[in-house]
Amino acid sequence: MKFFTKKRIVLFLLFIFPLMCFLLLSTGINNASKLPIYGDDALDISLVDSTKTLKNKVSLICFLGDDIANNKGGIFNLNQNIYKKFIEHNDFQIIAIYPKGIDKEVLSFKKELGAFTDMAKWKFTAGSRENINTFFESFKTSTSLDNFYTSDAFIVDKNGYLRARTDDEEKKERKLIGYDMNSVAELKKIMKDDINVLYYEYYAAFKNKNKADRKEVGL
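(A) Structural view of the side chain of Gln93. Position of Gln93 relative to the elements: it lies in strand S3 (residues 92-99). Given the relative accessible area of 5%, Gln93 is considered buried. Side-chain polar atoms of Gln93 contact the backbone oxygen of Thr53, separated by 3.0 Å. Setting aside anything within four residues of it in sequence, one finds Gln93 in contact with Thr53, Leu54, Lys57, Val58, Ser59, Leu60, Lys121 and Lys123.

(B) Fine view of helix H4 (residues 129-137). Every buried residue belonging to H4 is among Ile132, Phe135 and Phe136, and all of these are buried. Projected down its long axis, H4 carries its buried residues within an arc of 95°, all on one side. Turned more than 90 degrees off the buried face of H4, the exposed positions are Glu130 and Glu137. Where the residues of H4 are buried, they touch strand S2 (58-64), S3, strand S4 (122-127) and strand S5 (149-156).

(C) Geometry of the pattern of salt bridges. Evaluation of the coordinates by the stated rule reveals eight salt bridges. Among the ionic pairs, Asp66 bridges to Arg129, the shortest N-O distance being 3.4 Å. Taken together, the residues span a long stretch of sequence, with Asp66 in the loop between S2 and helix H2 (68-86) and Arg129 in helix H4 at a distance of 63 residues. On the accessibility criterion, Asp66 (30% relative accessible area) is partly exposed. A salt bridge links Glu201 to Arg163; its shortest N-O distance comes to 3.2 Å. Of the two residues, Glu201 sits in helix H5 (residues 184-216) while Arg163 sits in strand S6 (residues 162-163), which places them 38 residues apart along the sequence. Of the two residues, Glu201 and Arg163, both sit in the buried class. Within this structure, Asp157, Arg163 and Glu201 form a network of salt bridges that share partners.

(D) Representation of empty space enclosed by the protein. Summed over all chains, the structure comprises one cavity of 30 Å³ or more. Empty space within the largest cavity amounts to approximately 70 Å³. As for the largest cavity, its lining consists of Tyr38, Gly39, Asp40, Asp41, Leu43, Ser138, Phe139, Lys140 and Leu162.

(E) Molecular detail of the packing of aromatic side chains. Going through the model one piece at a time under the given rule, you end up with 17 aromatic pairs. Relative to Phe124, the ring of Trp122 lies with its centre 5.6 Å away and its plane at 25°, an arrangement referred to as stacked. Summarising the burial analysis for this pair, Trp122 and Phe124 share the class buried. An aromatic cluster is defined as three or more aromatic residues linked by ring pairs; in this entry it consists of Phe76, Tyr83, Phe86, Phe92, Phe109, Phe116, Trp122, Phe124 and Tyr199. The ring of Tyr202 carries Lys158 above its face, with NZ or CZ at 4.5 Å from the centroid.

(F) Quick peek at unusual backbone geometry. A positive phi is found at Asn56, a non-glycine position, where the angle reads about 60°. The residue Asn56 is located in the loop between strand S1 (37-38) and S2 in this model. Judged by relative accessible area, Asn56 falls into the exposed class, the value being 60%. For Phe148, which is not glycine, the phi dihedral falls at a positive 65°. Mapped onto the fold, Phe148 is located in the loop between H4 and S5. Assessed through its relative accessible area of 14%, Phe148 is described here as buried.

Conventions and cut-offs
- Residues numbered from 1 in each chain as written.
- Predicted model: local features only at pLDDT ≥ 70, side-chain atom pairs only at ≥ 80, totals over all residues.
- Heavy atoms only, no water.
- Helix = DSSP H or I, 4+ residues; strand = E, 2+ residues; numbered from the N terminus.
- Buried < 20%, exposed > 50% of the residue type's maximum accessible area, 1.4 Å probe, protein only.
- Polar contact = N/O pair within 3.5 Å; in protein donor to acceptor, adjacent residues only side chain to side chain.
- Contact = heavy atoms within 4.5 Å.
- Arc of directions from axis to C-beta.
- Salt bridge = Lys/Arg side-chain N within 4 Å of Asp/Glu carboxyl O.
- 1 Å grid on protein atoms, 1.4 Å probe; cavity = no way out; pocket = protein on both sides within 12 Å on 5 of 7 lines; lining within 4 Å.
- Points joined across faces, edges and corners; volume = space filled by probe spheres on them.
- Phe/Tyr/Trp six-rings, centres within 6.5 Å; stacked < 30°, edge-to-face > 60°.
- Lys NZ or Arg CZ within 6 Å of the ring centre and 35° of its normal.

Shown next, in the form of structure tokens:
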């Protein structure tokens, strides 16, 4: 009898208890974690290119500038540490904006990047310099473009709203609106987590909608 009691205790400690802890912890974290919307207005990519859309896509937006040769390091970081992690999501895209007139440089860079990357969800987008500035200003960040380039990449949700850490624990001195592409640590530790949180929001909303629909039909 004591043998079976001890056996049950061992089984509980080895399997059931850790599983319970994991479920409780993950549920608590997911319920508490939502990536805040920054700003009151949705972004409008048609200001730059009328053929592009942010609707129904989780989008990352970056600005390549007019000197891609000197700016491409951060783009490679974004590609390696973020793009390749989320490429399997059908609703994921990266929009890389650059000023018109440097198409040859962009084509060369795309070939360089595409040598080891499936480029299907990279959307290279040319715009007039005036329209790029207007679009960037709609982000309402404290940063500015330097020759139409910034090292920050931005997360935009399926409704076109900018998502950001407005109360970032690791950078209390400022809001984390954009994610520094030159910092591998920031991409891997912060941006990746924030995109996962956003995807969890959509998963939870979909799950709740299914429950509501099933309840409505009496299932």
